[in-house]
Amino acid sequence: MPTSVLAQLGGGRVREVVTAPAAVLSEPGPELDPTDPDVVRLCADLIATMRVSPGCVGLAAPQIGVGGQAFCVDVSNHAKTRTCHGLIVLVNAVVTAASRNVKGREGCMSVPDLTGDVKRAARLTVSGRLPVTGEEVSISTDEFEARALQHEIDHCGGHLFIDKVAGAHALHPRKVYLPAADSRVE
């Protein structure tokens, strides 16, 4: 992300994350004008909300109740990351090239109680527009970052990961970890 764009995406407000079965999560979002000040604020809010959400590596507009094609992804601090472009914020993104699919486990803040095995491209190229400037960019990546980008693009199109699992056997209850005894607040 260019520094000039990043500077204008600071100061977003934390928004409530919408959970299934909210209608906004199953409706394809319209394309947005990446230079519109409301869209720039939306992108700043997505970043702020992602940053305060433990374990979150991406968030799309429908997840904060806004129908539209905008999302952010940052896999920088995730253990499964191989390739990393840092913070990615895109508007109207599409997959322009993809490799063979591989199965991997996914979770989602909008489906808080489940994870699932989903087949996605292991390598891909995504094109989209940067908020603020509207500049078109193309990102080629692989593995975990590629999976995160596809997950968020799906959100913009009205799809959840649970729509892509290969049956009930591929859904799993999310594990909840309790803090260590010495770090618990009582």
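Definitions and limits used
Residues numbered from 1 in each chain as written. Predicted model: local features only at pLDDT ≥ 70, side-chain atom pairs only at ≥ 80, totals over all residues. Heavy atoms only, no water. Helix = DSSP H or I, 4+ residues; strand = E, 2+ residues; numbered from the N terminus. Rg over C-alpha atoms; globule rule 2.2 N^0.38 Å. Buried < 20%, exposed > 50% of the residue type's maximum accessible area, 1.4 Å probe, protein only. Contact = heavy atoms within 4.5 Å. Areas by Shrake-Rupley, 256 points an atom, 1.4 Å probe, with all protein chains shown as cover. Lys, Arg positive; Asp, Glu negative; His and termini not counted. Charge placed at Lys NZ, Arg CZ, Asp CG, Glu CD. 1 Å grid on protein atoms, 1.4 Å probe; cavity = no way out; pocket = protein on both sides within 12 Å on 5 of 7 lines; lining within 4 Å. Points joined across faces, edges and corners; volume = space filled by probe spheres on them. Core = buried A, V, L, I, M, F, W, Y, C linked by side-chain atoms within 4.5 Å. Pairing = 2+ DSSP bridges. Axes fitted to C-alpha atoms, helices over the stretch in contact; angles between N-to-C directions. pLDDT = per-residue confidence, 0-100. Expected span 1.5 Å × (residues − 1). Polar contact = N/O pair within 3.5 Å; in protein donor to acceptor, adjacent residues only side chain to side chain.

Q: Just give me the short version of the overall build of the chain, but keep the residues and values in it.
A: Within the chain, the regular secondary structure consists of 3 helices and 8 strands. For the chain, the α and β elements follow one another from N to C terminus as α-α-β-β-β-β-β-β-β-α-β. Computed over C-alpha atoms, the radius of gyration of the chain comes to 16 Å, within 12% of the 16 Å expected from 2.2 N^0.38 for 186 residues, which places it in the range of a compact globule. For the chain, the C-alpha atoms occupy an extent of roughly 45 × 45 × 35 Å along the three principal directions. A total of 186 residues make up the chain; the buried ones form 48% of that total. When contacts within the chain are restricted to residue pairs at least 6 apart in sequence, those whose partners lie at least 24 apart make up 68%. Element-wise, carbon and sulfur atoms account for 52% of the exposed surface of the chain, whose accessible area totals about 9,600 Å². Averaging the locations of the 18 positively and 21 negatively charged side chains of the chain gives two centres separated by 8 Å.

Q: Break down the layout of surface pockets for me, citing the residues and quoting the values.
A: Empty space left among the atoms is revealed by rolling a probe the size of a water molecule over them. The space that makes up the largest pocket amounts to roughly 860 Å³. As for the largest pocket, its lining consists of 25 residues, of which Gly55, Glu106, Gly107, Cys108 and Arg174 are closest to the centre. Contributing elements (two or more residues each) for the lining of the largest pocket: strand E4 (101-108), strand E5 (111-121), helix H3 (143-156) and strand E8 (171-173). Take the lining of the largest pocket: its biggest share by element is 5 residues, from H3.

Q: Tell me what's going on with the nonpolar core, and back it up with residues and numbers.
A: Counting 39 residues, the largest nonpolar core has Leu9, Ala70, Phe71, Cys72 and Leu90 as its most contacted members. Looking at this core, the elements with two or more residues in it are helix H2 (37-51), strand E1 (58-60), strand E2 (70-73), strand E3 (88-98), strand E6 (123-129), strand E7 (136-142) and H3. Of the residues forming this core, the biggest block, 7 residues, is contributed by H2. When neighbours within four sequence positions are excluded, Leu9 is seen to be in contact with Met1, Val40, Cys43, Ala44, Ile47, Val89, Pro131 and Val132. Listed in part, the 10 residues of the second largest apolar core include Leu25, Cys108, Leu160 and Phe161.

Q: Could you give an account of the sheet that holds E4, naming the residues involved and the relevant values?
A: Judged by pairing direction, the sheet is antiparallel, and its 3 strands sit side by side in the order E4-E5-E8 without closing on themselves. Every interior strand has two partners, whereas the edge strands, E4 and E8, have only one. Each adjacent strand pair in this sheet contributes to an overall mean axis angle of 25°, direction not counted. As judged from the 3 bridges shared by E5 and E8, these two strands associate in the antiparallel manner. Bridge pairing links Thr115 to His172 in E8.

Q: Tell me about the confidence of the model for the chain, and name the residues and values.
A: Of all residues in the chain, 94% have pLDDT values of 70 or greater, and the mean over the chain is 91. Across residues 177-186, confidence stays below pLDDT 50; counting only partners more than four residues off in sequence or on other chains, it has 1 contact.

Q: Report on the pairing of E7, specifying residues and quantitative values.
A: The sheet contact formed by E6 and E7 spans 7 bridges and is antiparallel. Looking at the pairing, Gly128 lines up with Val137 of E7. Hairpin connection, E6 to E7: the antiparallel pair is bridged by 6 residues, and Val132 has positive phi, about 80°.

Q: Tell me about H2, residues and numbers included.
A: Over its 15 residues, H2 extends 21 Å from the first C-alpha to the last, a length consistent with the 21 Å expected when each residue adds 1.5 Å. Counting buried residues along H2, 11 of its 15 residues qualify, which places the element largely inside the surrounding structure. Listed as buried for H2 are Val39, Val40, Leu42, Cys43, Ala44, Asp45, Leu46, Ile47, Ala48, Thr49 and Met50. Buried residues along H2 sit against helix H1 (3-8), E1, E2 and E3. By the N-cap criterion, in which a side-chain oxygen at the helix start approaches the backbone nitrogen of a residue two or three places on, H2 is capped by Asp36, the distance to Asp38 being 2.7 Å.

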